[in-house]
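Given next are the chains, with one letter for each unit.
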Amino acid sequence: MRVAEADILIIPGYKGSPENHWQSRWERKLSTAQRVAQAEWSKPVRDDWTDAVAEAVNGSRRPVVLVAHSLGVAAAVQAIPKFQRKVNGAFFVAPPDVASNAIRPKHLRTFGPYPRDPLPFPSLVVASRDDMFSSFDAAEDIAGAWGSLFIDAGQAGHINAESGHGPWPEGLLTFGKFMSHLPATTG
């Protein structure tokens, strides 16, 4: 599937993705990308966030591909039961360990625990070995439970602008390759 054939839903995490974040850059660069907006970025409420993701998926006209970062991954996965149309694939980056007692702020735990069933669409999880919001082992474990392709990003922090991943060309190349293997069917 090509980008032009899909609705690319950009799902930022806690506090959103600023202008220099790779998600914001991709949103500007990819012609069919659109951001899933949240009413409250700094005080996330699970039902509000999952409803916003489901509304974007259900309102799409082309095949849907999710591009989620951090808490956006949790919102996307928790929204799956609300989807009324097929999602063709998901590109998940830096999923937080929302079941960990160590995660801060604590209200992020309301997005957990993650369901451990295989996801109903192809997915890819990119995780860092030194992400402050999740241990590498927790990210690898949940990716395995979901049946996701797992990519070790090495020592990459939270894979955001603060960790030096503003443009993130390697991520865009990986996303392009992932997209090329997805079927271009709607549901």
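Source: prediction; values computed, not measured.

Visitor: Whenever I open this one, the side chain of Asp-131 confuses me. Can you help?
Guide: Within the secondary structure layout, Asp-131 lies in the loop between strand S5 (123-127) and helix H4 (136-146). Of the buried charged residues, Asp-131 lacks a salt bridge, with Arg-129 as the closest side chain of opposite charge at 12 Å. Here the side chain of Asp-131 touches Phe-133 through a polar contact of 2.8 Å, landing on its backbone nitrogen. Side-chain polar atoms of Asp-131 contact the side chain of His-158, separated by 2.7 Å. Leaving out residues up to four positions away in the same chain, Asp-131 has contacts with Ala-94, Gly-157 and His-158.

Visitor: Where do I start with the pattern of salt bridges in this structure?
Guide: Close approach of charged atoms lets side chains of opposite charge pair. A complete count under the given rule lists seven salt bridges for this structure. Notably, a salt bridge pairs Arg-62 with Asp-7, separated by 2.9 Å at the nearest N-O pair. You can see Arg-62 sitting in the loop between helix H2 (46-58) and strand S3 (64-69) and its partner Asp-7 sitting in strand S1 (residues 7-11), a full 55 residues away along the chain. Classification of Arg-62 as partly exposed rests on a relative accessible area of 34%. Taking relative accessible area as the criterion, Asp-7 reaches 7% and is therefore assigned buried. With a closest N to O distance of 2.8 Å, Asp-141 and Arg-116 form a salt bridge. Here the residue Asp-141 occupies a position in helix H4, and Arg-116 occupies one in the loop between strand S4 (87-93) and S5, the gap between them amounting to 25 residues. On the basis of relative accessibility, which here comes to 46%, the residue Arg-116 falls in the partly exposed class.

Visitor: Could you clarify how one ought to interpret the sheet that holds S3 in this entry?
Guide: Neighbouring strands of a sheet are bound in pairs by backbone hydrogen bonds; such pairs are parallel or else antiparallel. Reading across from one edge, S2-S1-S3-S4-S5-S6 is the order of the six strands in this open sheet, with parallel pairing throughout. Strands with a single pairing partner mark the edges of an open sheet, and in this sheet they are strand S2 (33-35) and strand S6 (149-152). Going from strand to strand, the sheet's axes swing by 20° on average, the running direction of each strand aside. Two strands pair when backbone bridges link them, and S4 and S5 are joined in this way by four bridges, in the parallel orientation. Of the residues in S5, the one forming a bridge with Phe-92 is Val-125. Relative to the sheet, helix H3 (residues 71-79) contacts S1, S3 and S4, its axis offset from that of S3 by approximately 140°. Relative to the sheet, H4 contacts S4, S5 and S6, its axis offset from that of S6 by approximately 160°.

Visitor: Would you mind showing me how to read the packing of H2 against H3 here?
Guide: When two helices pack together, their arrangement is given by the angle between the helix axes and the distance between those axes. Close contact between H2 and H3 brings their axes to 8 Å; oriented N to C, the two are set at 75°. One way to sum up the angle between H2 and H3 is to call them roughly perpendicular. Together, Arg-46, Trp-49, Thr-50, Val-53 and Ala-54 of H2 and Leu-71, Gly-72, Ala-75, Ala-76, Gln-78 and Ala-79 of H3 make up the contact between the two elements. Of the residues belonging to the contact of H2 with H3, the class tally is seven nonpolar, three polar and one charged.

Visitor: Help me out: how do you make sense of H3 in this one?
Guide: Within H3, nine of the nine residues are buried, leaving the element largely enclosed by the surrounding structure. Among all positions of H3, only Leu-71, Gly-72, Val-73, Ala-74, Ala-75, Ala-76, Val-77, Gln-78 and Ala-79 are buried.

Visitor: Please explain the nonpolar core as it appears in this structure.
Guide: Nonpolar side chains tend to gather and get buried jointly when the protein is soluble and globular. Core analysis: the biggest nonpolar cluster contains 36 residues, and Leu-66, Phe-83, Phe-92, Phe-121 and Trp-146 have the highest contact counts within it. Among the secondary structure elements, those contributing two or more residues to this core are S1, H2, S3, H3, S4 and H4. A per-element tally of this core places H3 first, with seven residues. Dropping the residues within four chain positions of it, Phe-121 is found in contact with Leu-66, Ile-80, Phe-83, Val-87, Asn-88, Gly-89, Ala-90 and Phe-92. Counting 22 residues, the second-largest nonpolar core is a separate cluster that includes Met-1, Leu-30, Leu-124 and Ala-156.

Visitor: Where do I start with the packing of aromatic side chains in this structure?
Guide: If you walk through the whole model with that rule in mind, you get 13 aromatic pairs. Ring centres of Trp-26 and Trp-168 lie 5.9 Å apart, and the angle between their planes is 5°; this geometry places the pair in the stacked category. Here Trp-26 is found in helix H1 (residues 22-29), whereas its partner Trp-168 is found in the loop between S6 and helix H5 (169-180), with 142 residues between them in sequence. A relative accessible area of 1% places Trp-26 in the buried class. An aromatic cluster is built from Trp-22, Trp-26, Phe-91, Trp-168, Phe-175 and Phe-178, whose rings are joined through pairwise contacts. The ring centre of Phe-136 lies 4.0 Å from the NZ or CZ of Arg-129, which sits over that ring.

Rules used in this analysis
Residues numbered from 1 in each chain as written. Predicted model: local features only at pLDDT ≥ 70, side-chain atom pairs only at ≥ 80, totals over all residues. Heavy atoms only, no water. Helix = DSSP H or I, 4+ residues; strand = E, 2+ residues; numbered from the N terminus. Buried < 20%, exposed > 50% of the residue type's maximum accessible area, 1.4 Å probe, protein only. Lys, Arg positive; Asp, Glu negative; His and termini not counted. Salt bridge = Lys/Arg side-chain N within 4 Å of Asp/Glu carboxyl O. Polar contact = N/O pair within 3.5 Å; in protein donor to acceptor, adjacent residues only side chain to side chain. Contact = heavy atoms within 4.5 Å. Pairing = 2+ DSSP bridges. Axes fitted to C-alpha atoms, helices over the stretch in contact; angles between N-to-C directions. Parallel < 35°, antiparallel > 145°, perpendicular 65-115°, else oblique. Nonpolar A, V, L, I, M, F, W, Y, C, P; charged D, E, K, R; others polar. Core = buried A, V, L, I, M, F, W, Y, C linked by side-chain atoms within 4.5 Å. Phe/Tyr/Trp six-rings, centres within 6.5 Å; stacked < 30°, edge-to-face > 60°. Lys NZ or Arg CZ within 6 Å of the ring centre and 35° of its normal.

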